[in-house]
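# Report on the structure
Residues per chain are reported as follows:
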Amino acid sequence: MLARQLEDDPDAALALLAELTTATDEALRARARRLAARIVLDRTRTGRTLLRGTGRPRLVPASRGGDLDLDASFDAVVGAHAEARAPHLDDLLARDWGRPELALCLLVDDSGSMTGERLARAAMIAAACALRAPAEHAVLAFARDVRPLRRVTETLPPETVVERVLRLRGHGITALASALKAGAETLAATRATRRVLVLLSDCRATDEQDPVPVAAAIPELVILAPGSDSDAAAALAAASGARWGAFDHVDAAPALLEELLG
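Calculation criteria
- Numbering of residues starts from 1 in each chain and follows the order in which that chain's sequence is written.
- Residues qualify for local features only when their pLDDT is at least 70, as the model is predicted, and side-chain atom pairs are given and counted only at 80 or more; totals for whole chains, interfaces and linings, by contrast, use all residues.
- Excluded from the side-chain calculations are hydrogens and water; all other atoms, namely the structure's heavy atoms, are used.
- Here a salt bridge means any side-chain nitrogen of Lys or Arg lying within 4 Å of a carboxyl oxygen belonging to Asp or Glu.
- A run of H or I in DSSP counts as a helix once it spans at least four residues, and a run of E counts as a strand once it spans at least two, with each numbered from the N terminus.
- Burial classes: relative accessible area under 20% of the type maximum marks a residue as buried, over 50% as exposed, and values in between as partly exposed (1.4 Å probe, protein chains only).
- The predictor attaches a confidence to each residue, called pLDDT, with possible values from 0 through 100.
- Contacts: residue pairs with any heavy atoms within 4.5 Å of one another.
- Any two strands with at least two DSSP bridges between them are considered paired.
- A clockwise course of the path from the first strand over the helix to the second, judged with the strands pointing away from the viewer, identifies a crossover as right-handed.
- Axis definition: a line fit to C-alpha positions, over the contact stretch in the case of helices; interaxial angles, taken between N-to-C directions, run 0 to 180 degrees.
- A helix is expected to span 1.5 Å for every residue after the first.
- In protein, a polar contact means a hydrogen-donor-capable atom and an acceptor-capable atom, both N or O and within 3.5 Å, with residues adjacent in sequence counting only if both atoms are side-chain atoms; elsewhere, any N or O pair within 3.5 Å suffices.

With the rule as written, the count across this model stands at nine salt bridges. Here R204 ties to D229 by a salt bridge, and the two come within 2.6 Å at their closest N and O atoms. Of this pair, R204 sits in the loop between β7 (194–200) and α8 (211–216) while D229 sits in the loop between β8 (221–226) and α9 (231–240), and the two are 25 residues apart along the sequence. Overall, R204 belongs to the partly exposed group, its relative accessible area being 41%. We classify D229 as buried; its relative accessible area is 18%. What you see here is one network of salt bridges that share partners, running through R118, D202, R204 and D229.

Within the chain, C203 stands out as a residue other than glycine whose phi angle is a positive 65°. In this fold, C203 is placed in the loop between β7 and α8.

Moving on, we get to the confidence of the model for the protein chain. Here the protein chain averages 83 in pLDDT, and 87% of its residues register 70 or above. Mean pLDDT in the protein chain bottoms out at strand β1 (residues 57–61), which sits at 61, and peaks at α8, which reaches 97. Across residues 48–55, where pLDDT falls below 50, the model places 22 contacts with residues more than four positions away in sequence or in other chains.

The next subject is the pairing of β7. Here is the key point about a regular strand: its side chains alternate between the two faces of the sheet. Most of β7 sits out of view: six of its seven residues are buried. Across seven bridges, the pairing between strand β4 (residues 102–109) and β7 is parallel. Bridge assignment links L107 to a residue of β7, and that residue is L199. Strand direction decides the pairing type here: β7 and β8, joined by four bridges, are parallel. Residue L200 lies in a different strand from β8, and its bridge partner there is L224. A crossover connection joins β7 to the parallel β8 through α8; in handedness this β-α-β unit is right-handed.

A few words on the sheet that holds β4. Backbone-to-backbone hydrogen bonds pair the strands of a sheet. The strands run either parallel or antiparallel. Pairing is mixed across the open sheet formed by six strands, whose spatial order is β6-β5-β4-β7-β8-β9. The open sheet has two free edges, formed respectively by β6 (146–150) and β9 (243–247), since each of these has just one partner strand. Across the sheet, the mean angle from the axis of one strand to that of its neighbour is 20°, orientation sign disregarded. Along the sheet, helix α10 (residues 253–261) contacts β4, β7, β8 and β9; its crossing angle with β9, the most-contacted strand, is approximately 165°.

The next point concerns helix α3 (residues 26–44). Look at α3: 27 Å from first C-alpha to last across 19 residues, which is about the 27 Å you get at 1.5 Å a residue. Along α3, the residues that are buried comprise A32, R33, A36, A37, I39, V40, L41 and T44. With a side-chain oxygen positioned 3.2 Å from the backbone nitrogen of A27, the residue opening α3 is D25.

Of all six residues in strand β5 (residues 137–142), six are buried, a share of seventy percent or more. With burial as the criterion, each face of β5 is covered, one bearing H137, V139 and A141 and the other bearing A138, L140 and F142. Here six bridges tie β4 to β5, and the two strands are oriented parallel to one another. Within β5, the residue paired with V108 across the bridge is A141. Note: β5 against β6, four bridges, orientation antiparallel. Within β6, the residue paired with L140 across the bridge is P148. Linking β5 back to β6 in an antiparallel pair, the connection comprises three residues.

Next up, the structure:
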């Protein structure tokens, strides 16, 4: 029955599973979380791969650090031994991993009505970041305060990140400016050559801080908004120079993220 509903109406099916992840029955809650996470990840895997976020290995002089490559350094070691001396670090080669190409920080707005279908869509975006984006990515949820669901420094299975997103329940005001600042600070700590802040929100700030100056100062901001409520997101993007898009269906989320990342 679930398989048929996922085929006929995936938004409704995933919304139902998202609601069941907070069921009072412990066994049902655990099963729903595992099943929802697996379905979200499976559906996200079907898209194309985004920019790679892992560094490329390269050979550098051992004096610059990295892991000593014994094979590549063999001739230098043999030559130094023949001359009865220790090999110089500059003659040895080490394997160093270059900087990651891309770091992402996903900001998930869980104020107000973050339940049902919106929750499922947020989980799909989080899965896309976890599966296709670099090792250096973070997921932050925000309403009045910002709460990390995955820190950049953490190593977590994608299933865990998706489950944490599915447990979100909307509440409180939308402190958008503070969330954007937190996302920018998170990206500043990464090593990647390209750093993108991904905002999943209707962008209707309900506190007294203007988010436009903060958004305009972010080098690369991408906004994903609900198709039925995207006017504020379009206005913020126009005022700050951000790229943005809107979507109404859960399966459209990963493709839209890929398109906006270019």
